[in-house]
Each structure stands twice: as C-alpha cells, then as structure tokens.
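Okay, here's what each chain looks like letter by letter:
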Amino acid sequence: MKKVVKFGGSSLADANQFEKVRDIILADNSRVYVVPSAPGKRFDNDIKITDLLYESYNLAAAGKNFYEPFQIIRDRYNAIIQGLGLKNSLAHEFDNIEEHLLNNPERDYLASRGEYLNGLIMSEYLNFEFIDAKDVIFFNEAGEYDDVKTNSILSARLENIEHAVIPGFYGSDHNGKIKTFSRGGSDITGAIVASAIKAGVYENWTDVSGLLMADPHIVSSPAVISSITYRELRELAYMGASVMHEDAIFPVKKAGIPINIKNTNHPDDPGTWIVRNTARTSKYTITGITGKKDFCSIIIAKDLMHSHTDFYRKVVQCFEESNIPLEHLPSGIDTMTVIVQENKFIECEQKVLGRITQLVEPESLEVESGISLIAVVGRGMKSQSGTAAKIFTALANAHVNVRMIDQGASELNIIVGVRNEDFERAVRSIYHIFVDSGK
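Just so you know, these numbers come straight off a predicted model, no measurement behind them.

Reading guide: rules and limits
- Residues numbered from 1 in each chain as written.
- Predicted model: local features only at pLDDT ≥ 70, side-chain atom pairs only at ≥ 80, totals over all residues.
- Heavy atoms only, no water.
- Helix = DSSP H or I, 4+ residues; strand = E, 2+ residues; numbered from the N terminus.
- Buried < 20%, exposed > 50% of the residue type's maximum accessible area, 1.4 Å probe, protein only.
- Contact = heavy atoms within 4.5 Å.
- Patch = residues over 30% accessible without salt bridge, like charges linked within 9 Å, V, L, I, M, F, W, Y side chains within 5 Å.
- Areas by Shrake-Rupley, 256 points an atom, 1.4 Å probe, with all protein chains shown as cover.
- Salt bridge = Lys/Arg side-chain N within 4 Å of Asp/Glu carboxyl O.
- Lys, Arg positive; Asp, Glu negative; His and termini not counted.
- Charge placed at Lys NZ, Arg CZ, Asp CG, Glu CD.
- Disulfide = S-S within 2.5 Å.
- Expected span 1.5 Å × (residues − 1).
- Pairing = 2+ DSSP bridges.
- Axes fitted to C-alpha atoms, helices over the stretch in contact; angles between N-to-C directions.
- Phe/Tyr/Trp six-rings, centres within 6.5 Å; stacked < 30°, edge-to-face > 60°.
- Lys NZ or Arg CZ within 6 Å of the ring centre and 35° of its normal.

1. Concerning the side chain of threonine 50
Positionally, threonine 50 belongs in helix α2 (residues 49-61). Residue threonine 50 is classed as buried on the basis of its relative accessible area of 6%. Excluding residues within four positions of it along the chain, threonine 50 makes contact with Ala38, Ala111, Glu115 and Arg183.

2. Re a positive patch on the surface
Taken together, the side chains of Arg231, Lys253, Arg276 and Lys382 define a basic patch exposed on the protein surface. Residue placement: arginine 276 occurs in the loop between β10 (272-275) and β11 (288-301). Residue classification places arginine 276 among the partly exposed positions, given a relative accessible area of 47%.

3. A short note on the state of the cysteines
Simply put, the disulfide is a covalent bond whose two ends are the sulfur atoms of two cysteines. Taken as a whole, this structure holds 0 disulfides when the rule is applied. Among the cysteines around cysteine 296, which has no disulfide bond, cysteine 348 carries the closest sulfur, lying 11 Å off. You can see cysteine 318 has no disulfide; the closest cysteine sulfur is in cysteine 348, sitting 11 Å from it.

4. Concerning helix α14 (residues 423-435)
Count 3.6 residues to each turn of an α-helix, and residues three or four apart come out pointing the same way. Compared with an ideal rise of 1.5 Å per residue, which puts 13 residues at 18 Å, α14 spans 18 Å between its outermost C-alpha atoms and is within 8% of the ideal. Here α14 has its buried residues at Phe423, Ala426, Val427, Ser429, Ile430, Tyr431, Phe434 and Val435. On its buried face, α14 sits against β11, β13 (364-377), α13 (387-397) and β15 (413-419).

5. Topic: the pairing of strand β9 (residues 259-263)
Of all 5 residues in β9, 5 are buried, a share of seventy percent or more. Judged by which residues are buried, β9 turns out to be covered on both faces: Ile259, Ile261 and Asn263 on one side and Asn260 and Lys262 on the other are all buried.

6. Points about the sheet that holds β10
Here 8 strands make up an open sheet; going across it, the order is β3-β4-β2-β1-β7-β9-β10-β8 and the pairing mixed. Each of the sheet's edge strands pairs with one partner strand only, and the pair in question is β3 (129-130) and β8 (227-229). In terms of strand pairing, β3 meets strand β4 (residues 164-165) through 2 bridges, oriented parallel. Across the sheet, the residue bridging to glutamate 129 is alanine 164, located in β4. Of the strands in this sheet, β1 (3-7), β2 (31-36) and β7 (201-206) are in contact with helix α1 (residues 15-26), which crosses β1 at around 170°. Where helix α7 (residues 186-197) meets the sheet, it contacts β1, β2 and β7, and its direction lies at approximately 155° from that of β2.

7. A few points about the packing of aromatic side chains
The final tally for this structure, using the stated rule, is 10 aromatic pairs. The interplanar angle of 80° and the centroid separation of 5.7 Å between the aromatic rings of tyrosine 116 and phenylalanine 130 together place this pair among those described as edge-to-face. Here tyrosine 116 is found in helix α5 (residues 107-126), whereas its partner phenylalanine 130 is found in strand β3, with 14 residues between them in sequence. When the centroid spacing of 6.1 Å and the interplanar angle of 80° are considered together, the rings of phenylalanine 311 and tyrosine 312 count as edge-to-face. Using a relative accessible area of 2% as the deciding quantity, one classes phenylalanine 311 as buried. Joined through ring pairs, the aromatic side chains of Phe66, Phe70, Tyr77 and Phe94 make up one cluster. Positioned above the aromatic ring of tyrosine 116, the side-chain terminus of arginine 113 is 4.2 Å from the ring centre. Positioned above the aromatic ring of phenylalanine 139, the side-chain terminus of lysine 179 is 5.5 Å from the ring centre.

See the structure below:
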C-alpha cells in the first residue's frame, strides 16, 4: 500500500519541524510521495512565508521597495538549510524570484514559491526525487483544475518513481504560467497525487490530532472526531470548519481513498479518519458543530404564495441578477425566507429589494442582519429521535433566541440561525448537551 503524505505549514516551519517530518516519513516505508506546504508560523506573532511573499508582490507591483520582507524570506529558508546541515544553496532560486519581482511581478508565481522552495529542501533532505508541480498539475483555459489531463500526466510520471516530493498549492495554466489553488490549496495537491497513484491512504499532517467537534476558541478542549464521512466533512467545512481545504475531498472521494488527519507533533495519536462510508457508530449523536457569523435574512410574505407556480423562481431571479449566492431558503405557508451573506447583500440591497417588490408584489418585506448560522452535523442523527428537541432545549436553557431553523433532506445536518452576539454561547450550549451527556 502506498501513502501520500502532505505536511502543513506549521509542520515545516523550521529545521526542528523538518526533522520530525523526516522521522515520520522514514518510520513507514509506504509513505512514498510527499507534498509540502510553505513554512508557517514558528510562534504566535510570526509571519507565514506565503504572507511575506504576497507582501513582497504587493510592494513590487506598486513599484515600491520589497527588500525587507524578501530578506526575511531568504533568512528563514537559509536558517532551515543550515539547521538541517544541508550543503545545497537556494541563492540561484532567490535571484530568479527577485528578477521576477523587479521586472515582471506575477501574484500566483510569487505565492507558489513558498511551496516550491520548501519542496527543494525536502527533496534534498530525504534524497527523494523533486517533481515541479507545474509540470504535472494543470488548469484549463477557464482557470479550472483539469483533472483529466493532470491524472493522465501525473500518474504516468510517478509510475516508475519510487519516492518523490511534489510541492503543494500550484500547477500551470493552459499557457504554461504558474497558477495557484485558493489559499490552503496544498491539501488539494495531496489529494490529487493520492488519486493519481490510487493510494491506499492520504495522510494529512498538521498541528492538531485530528478534526475537533467544535472550535477550540469557543469550546474548551473539544473532543476529537475519530471518524467522519466525506459528506459530513463537506457540511462542516462549508460552514466554517478549517482543518482541511474543503475542495481536497473531491479527488479522493471519487477514488474511494480514505484521509487520515494526523498531528506532526504527536505522530502516535490516531487522528481522524475521513471515509466514504462506515459501519462504525459515532460515540455521540452528532459528529461536529460549526458556524459562521454575519448573514442576512430577507423574509417575503404573501397570502396564497403557493398558488403562484413561478413565485420562488422569480425571487431567486432577483438575487441571481445581482450575483448573490443563496445560503438557505426556509419557508412557511405564506412566507419565504432567503438567507444570504451580509457583505454580499448590502452592496446591492436596494436593487434586490426593488426587484422583489416589482416581480412578486409581496405584502410585506422584512430584512434582518447580524445573524449567525450554526450547523449541527452527524450521520447518527438519522437513527436518534429528539435531536432537534435537544438542540432547542440547549438554546432555551442558554437564553438564546432562535431566528430560523433548516434541516436538510438527508437528515445529516440541522442549521440554526441566532443573533451574532449569541453565537458562541449557542455553540457551547449545543456541544455540552450532546457531549457532556455522552449522547
């Protein structure tokens, strides 16, 4: 069985972390392909290399002096090389990057250099072959990831290579120029490599021992999720959970490859398994809780709304015309509520409200801002009665007023809307009523 191992920025922040990573890789002969991120923070007030690269680009693009952040980048990488006792130098690479900054600053190219340089160091350190991601990962003319071309070329390239390092986060567009995924895209690269070689497992190494049931900034020492399905993870990731890039799920889900989230600093911890399906029952009814703040609700009321067959279509059209994505559409007999992100709605709210009035002639139209959405997710909710009742009991006991509720047809999640100021208290109350009771 072959494993693809991806290491996040905190796992590769300095030479000491590189040594931990090497020990992890060499401890298991099946860990044959490595996907590194750019160096992350070494301590709380530190700056990630990718952020320094963006800063250098912004200064260069504005015709300003970028020496200070660029020198910090040089020093960070040189410290890693010296700390590992390597003999290679990145001087030539830095000269090339500096030339780009001076003569032709390109944002994606600059942003990708963090992973690229870390890949070169990792390749030298492990004595693994280096494969530049721009030669094996591709985007089409529309700027979208090209899975067919990538899978064909990447799988052929790796077929006869026993060990390799492929830097994360970037590939090349149809013109051969560097193009990056969205931030955190090294997770996607790891999944792409795992899919291409039909890996047995995709290990994603970070600084926590798996996915947590709730945000540790809100809930003190939340429990670790032992196993979670792709669908559950998608629900949690979409609503704000952020251990892994949500788009990293698709390549491995399609190939049926499990993901294991592991902790570089505590490699013996079992972590979290992300799988397509499982017969394992969760310890608790719910798998996790997450959420986001700053949504708006637009409540449209009209008698006999259901008798107008085009009513919903016309309302959706009003938001579509202003390119505002819809989050949720809970409805009643004579009311329809549209939940959207506040920052996207505010910019063109009068246009949208005017169009709704024009197209459907509502009897009333109410707008409420400052709403938070909380997602309670779990495959165990299907088989347990009274889940919603427990949620509302928890919120009532915490004196939290519920602004909306929406349950998906799959019974995999329940979305609850509360005021922004009640968000943290609501999350804690829901967590404790399920976890502290052990149900």
